Protein chains: 2
Amino acid sequence: MATIADVARAAGVHRSTVSRILRDPKAFRGETRTRVLEAAARLDYRPSRIAQALSGGASPLVPLVVPDISNPFFARVARGAEEIARAAGLHIVVCSTGGDVEAEVAYLQAMSDLDTPCILFTPSADTVAAQVLSIARHTAVVLIDRSLPETDLRCVRVDHVQAAAAGTQHLLTRGHRRVVCVSGPMSASSARERVAGYQTVMDEAGLPAQVVEGDFTIAGGRHAAAQLFVGGEPPTAVLAANDLCAVGLLTAAREAGLRVPDDVAVLGFDDLDVAQHVNPSLTTLRQPSAELGGQAARLALADAGFGDGSDVVLTLQAELIVRESA
Amino acid sequence: MATIADVARAAGVHRSTVSRILRDPKAFRGETRTRVLEAAARLDYRPSRIAQALSGGASPLVPLVVPDISNPFFARVARGAEEIARAAGLHIVVCSTGGDVEAEVAYLQAMSDLDTPCILFTPSADTVAAQVLSIARHTAVVLIDRSLPETDLRCVRVDHVQAAAAGTQHLLTRGHRRVVCVSGPMSASSARERVAGYQTVMDEAGLPAQVVEGDFTIAGGRHAAAQLFVGGEPPTAVLAANDLCAVGLLTAAREAGLRVPDDVAVLGFDDLDVAQHVNPSLTTLRQPSAELGGQAARLALADAGFGDGSDVVLTLQAELIVRESA
DNA sequence: CTGAAAGCGCTAACAA
DNA sequence: TTGTTAGCGCTTTCAG
């Protein structure tokens, strides 16, 4: 691996000259410029980002730490963030932690230690708060989709309360009275907020609320249904934690011999691609996932001195997409 | 951000002492050890990985560069790789390029410039070969699932030819004669190999082969079907590029008023979670995706001096999972 | 067990 | 336009 010294030697100039010319070739004219450029090309020279970073610059990496990249929701968040990062000459790298809190902290730590300009983060549970706070003292941290209580970290998110309320309202309008909420893990603020929205609407309607704690996966939804679809009075509608959960519920309903939406309606969250392709297609609350990632990236980058973050929108709205399932 | 000098000052010792003690505390006893450890803790000192990397070490990051992280197949590959990397004290970071060749090269370059010990890579097209080769001179590159022609880069992959042949054979055994292959983009070696397997079996059976080039997405599958399900003699079975493509085909079939599998059978590839939850559930060729990632990581890490790679398996087998769709 | 000194590859004043 | 000199934060000989 050729270093700047090799290029300097080959071109017969000083290292600093090479650095300058390579850094901004247009600012030079003489034939030194040509010699340096040629030597660099010939030796296939690439400046070490490590050395650059050590000497003043920062890492070109913007980590996005998420609980589960196999949930396409996060893939879209990543996509949105990427677009913004690319414009600033930076690269999004996705770190998936599998919901393991230790792995989560380890990733955050590792990235912070690499002097990344900022970190985009969706916590899987509140328990990381203290550690994240300590990391945030060194590196700008922006949360996506889930806030961290006892913390003043900024968070770009969807108004989950409002969204869940709208979803619940939709189910009631369709005449449902026994509406159950299969929530995500209550350790996630997004799950708690959605439950709150659901509960408010049920209360206002004078209906009993029932919450089953599940998780954000297909298997979780299917498993939750085991408790739901067997009793004497199964619900006529379910507000699912997200689309993956909803897909699991769909399968469980079919296995239990229930027709969707006639016997039981299912309402998802996210609007993944798959939502319109399952059978029946999924009625869902669309989250503007790419924009979530984009706004978060803009905020974080602004903090790190890249661009302006004054017009970042912190709270986005979900949109009800009505299809067949509810 | 406290540096090693701060700690040294606080503990009243030399920087090198701090370095040594922090690097391997068990090897020391005296009360200097205590002072240093305490000072480090008190100052919340974290060694800069950048500086460590510059001074001999390598980056703790193992990039996994894939075309599309919203395809859960790659999420599973990542998961498999992660397990191996973690054991070596390294972190997998996922770089999703959206199939954009330029972004792909940019990512590879950026990671290589960061002195990562190795790179795990699934190329989206053959056109990157030359550039990848140049990067591979600096950083160990291991390909996953798709090889790069004109290149001696090692590749951990599934035997796509064999797998596609087995799938096609399954369809023929079920009595199908008009079997069409909706392939992935022919710029991907995996797609070409699957087509080859399909073609061989069709040829041997004396049946006409028909290949429609699609891509690896739901939308791609649906779009391909537009050409397929309208003509006078639609196929009675389709070998899909992958499960996402198959899901798109399922939707298209339903829209065209065709029943699956009675009017048209659909055979997928990958066995994503969603495969067993769509309706009808998907018959598919399961790829051992996590193991693909794991073996690739082992090979790459061995190259970089972490662990042993002598028993790495380069070619894995797919498994036919029969469900409802074919 | 500890200190001194050199060096990883690069950038950034400061002079010339 | 170019060279000189420091220095980023850490590890690692080599002495003591």
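Keep in mind it's a predicted model, so treat the numbers as computed, not measured.

1. Re the nonpolar core
Reasoning step 1: Residues Leu 120 of chain A together with Leu 120 of chain B are the most contacted members of the largest nonpolar core, which totals 162 residues.
Reasoning step 2: Sequence-distant contacts of Leu 120 of chain B, defined by excluding residues within four places in its chain, comprise Val 62, Pro 63, Leu 64, Val 65, Ala 81, Ile 92, Val 142, Ile 144, Ala 296, Ala 297 and Ala 300 of chain B.
Reasoning step 3: Ala 164, Val 179, Val 201 and Ala 326 of chain A belong to the second-largest nonpolar core, a separate cluster that totals 19 residues.

2. Points about the interface of chain B and chain A
Reasoning step 1: With 48 residues of chain B at the contact, the number on the chain A side is 48 residues.
Reasoning step 2: When the buried area of chain B at its contact with chain A is split by residue, Ile 50, Asp 113 and His 277 of chain B rank highest and sum to 16% of it.
Reasoning step 3: At the boundary of chain B with chain A, the tally comes to 4 salt bridges.
Reasoning step 4: With its nearest N and O atoms 2.3 Å apart, the salt bridge here joins Asp 113 of chain B to Arg 46 of chain A.

3. A look at the protein's contact with DNA strand D
Reasoning step 1: Close contacts around DNA strand D come from 26 residues, with His 14, Thr 17 and Thr 32 of chain A together with Ile 4 and Tyr 45 of chain B the closest.
Reasoning step 2: One of the side-chain nitrogen or oxygen atoms of Thr 17 of chain A is found 2.6 Å away from a phosphate oxygen of DNA strand D.
Reasoning step 3: For DNA strand D, a base oxygen lies 3.4 Å from a polar atom in the backbone of Ser 55 of chain A.
Reasoning step 4: Ranked by residues supplied to the surface near DNA strand D, first place goes to helix 2 (residues 15-23) of chain B with 5 residues.

4. Observations regarding the UniProt feature "domain: HTH lacI-type" (unreviewed entry) in chain A
Reasoning step 1: The UniProt entry lists residues 2-56 of chain A under the feature "domain: HTH lacI-type" (unreviewed entry), expressed in the numbering used here.
Reasoning step 2: Spanning residues 2-56 of chain A, this segment combines 64% helix with 0% strand, and its end C-alpha atoms are found 21 Å apart.

5. Section: the protein's contact with DNA strand C
Reasoning step 1: The environment of DNA strand C is formed by 26 residues, the closest being Ile 4, Arg 23, Tyr 45 and Ser 55 of chain A together with Thr 32 of chain B.
Reasoning step 2: For DNA strand C, the backbone portion of the atoms within 4 Å of the protein, that is sugar and phosphate, comes to 59%.
Reasoning step 3: At a separation of 2.6 Å, a phosphate oxygen of DNA strand C approaches a polar side-chain atom of Ser 19 of chain A.
Reasoning step 4: Contact between DNA strand C and Ser 55 of chain B: a base oxygen at 3.4 Å from a main-chain N or O atom of the residue.
Reasoning step 5: Elements that contribute at least two residues to the surface near DNA strand C include exactly helix 2 (15-23) and helix 4 (49-54) of chain A together with helix 2 of chain B.

6. Remarks on the layout of surface pockets
Unoccupied space between atoms shows up once a probe the size of one water molecule is rolled over them.
Reasoning step 1: Computed from the structure, the second largest pocket encloses a volume of approximately 730 Å³.
Reasoning step 2: Along the wall of the second largest pocket there are 26 residues; nearest its centre are Tyr 45, Arg 46, Pro 47, Ser 48 and Gln 52 of chain B.
Reasoning step 3: Of all the secondary-structure elements, those providing two or more residues to the lining of the second largest pocket are helix 6 (101-113) of chain A together with helix 2 and helix 4 (49-54) of chain B.
Reasoning step 4: Here the lining of the second largest pocket is composed, by residue class, of 10 nonpolar, 10 polar and 6 charged.

7. Observations regarding the packing of aromatic side chains
Reasoning step 1: A complete count under the given rule lists 2 aromatic pairs over all chains for this structure.
Reasoning step 2: Judged by centre distance (5.0 Å) and plane angle (70°), the ring pair of Phe 73 of chain A and Phe 74 of chain A falls under edge-to-face.
Reasoning step 3: Positioned above the aromatic ring of Phe 269 of chain B, the side-chain terminus of Arg 194 of chain B is 3.6 Å from the ring centre.

8. Things to note about the sheet that holds strand 10 (residues 283-286) of chain A
All names here are of chain A.
Reasoning step 1: With mixed pairing, 6 strands are arranged side by side in an open sheet as 7-6-8-9-10-12. The open sheet terminates on both sides in strands that have one partner only, identified here as strand 7 (210-213) and strand 12 (319-321). Strand-to-strand twist in this sheet, taken as the mean axis angle between neighbours without regard to direction, amounts to 20°.
Reasoning step 2: Strands strand 6 (179-183), strand 7, strand 8 (237-240) and strand 9 (265-270) of the sheet are contacted by helix 9 (residues 189-204), whose axis makes an angle of about 170° with strand 6.
Reasoning step 3: Here helix 11 (residues 243-255) sits on the sheet in contact with strand 6, strand 8, strand 9 and strand 10, set at roughly 155° to strand 9.

9. Thoughts on empty space enclosed by the protein
All names here are of chain B.
Reasoning step 1: Tallying each qualifying case throughout the model produces 4 cavities of 30 Å³ or more.
Reasoning step 2: Lining the largest cavity, in full, are Asn 71, Phe 73, Phe 74, Asp 145, Arg 146, Arg 194, Phe 216, Ala 241, Asn 242, Asp 270 and Gln 287.
Reasoning step 3: When grouped by side-chain class, the residues that make up the lining of the largest cavity number 4 nonpolar, 3 polar and 4 charged.

10. Considering the packing of helix 1 (residues 4-11) of chain A against helix 3 (residues 31-42) of chain A
Two packed helices can be described by the angle between their axes and the distance between those axes.
All names here are of chain A.
Reasoning step 1: Relative orientation of the contacting elements helix 1 and helix 3 amounts to 130°, with a least axis distance of 9 Å. As the angle between them shows, helix 1 and helix 3 are arranged oblique. When you trace helix 1 past helix 3, the crossing you get is right-handed. Between helix 1 and helix 3, the residues in contact are Val 7, Ala 10 and Ala 11 and Arg 35, Val 36, Ala 39 and Ala 40, respectively.
Reasoning step 2: In the contact of helix 1 with helix 3, the residues fall into 6 nonpolar, no polar and 1 charged.

Criteria and cut-off values
Residues numbered from 1 in each chain as written. Chains lettered and ligands numbered in written order. Predicted model: local features only at pLDDT ≥ 70, side-chain atom pairs only at ≥ 80, totals over all residues. Heavy atoms only, no water. Core = buried A, V, L, I, M, F, W, Y, C linked by side-chain atoms within 4.5 Å. Buried < 20%, exposed > 50% of the residue type's maximum accessible area, 1.4 Å probe, protein only. Contact = heavy atoms within 4.5 Å. Buried area = accessible area lost by both parts, 1.4 Å probe. Salt bridge = Lys/Arg side-chain N within 4 Å of Asp/Glu carboxyl O. Near = heavy atom within 4 Å. Polar contact = N/O pair within 3.5 Å; in protein donor to acceptor, adjacent residues only side chain to side chain. Helix = DSSP H or I, 4+ residues; strand = E, 2+ residues; numbered from the N terminus. UniProt positions renumbered as here; feature names shortened; annotations may be inferred. 1 Å grid on protein atoms, 1.4 Å probe; cavity = no way out; pocket = protein on both sides within 12 Å on 5 of 7 lines; lining within 4 Å. Points joined across faces, edges and corners; volume = space filled by probe spheres on them. Nonpolar A, V, L, I, M, F, W, Y, C, P; charged D, E, K, R; others polar. Phe/Tyr/Trp six-rings, centres within 6.5 Å; stacked < 30°, edge-to-face > 60°. Lys NZ or Arg CZ within 6 Å of the ring centre and 35° of its normal. Pairing = 2+ DSSP bridges. Axes fitted to C-alpha atoms, helices over the stretch in contact; angles between N-to-C directions. Parallel < 35°, antiparallel > 145°, perpendicular 65-115°, else oblique. Left-handed = near helix turned anticlockwise from the far one by under 90°.

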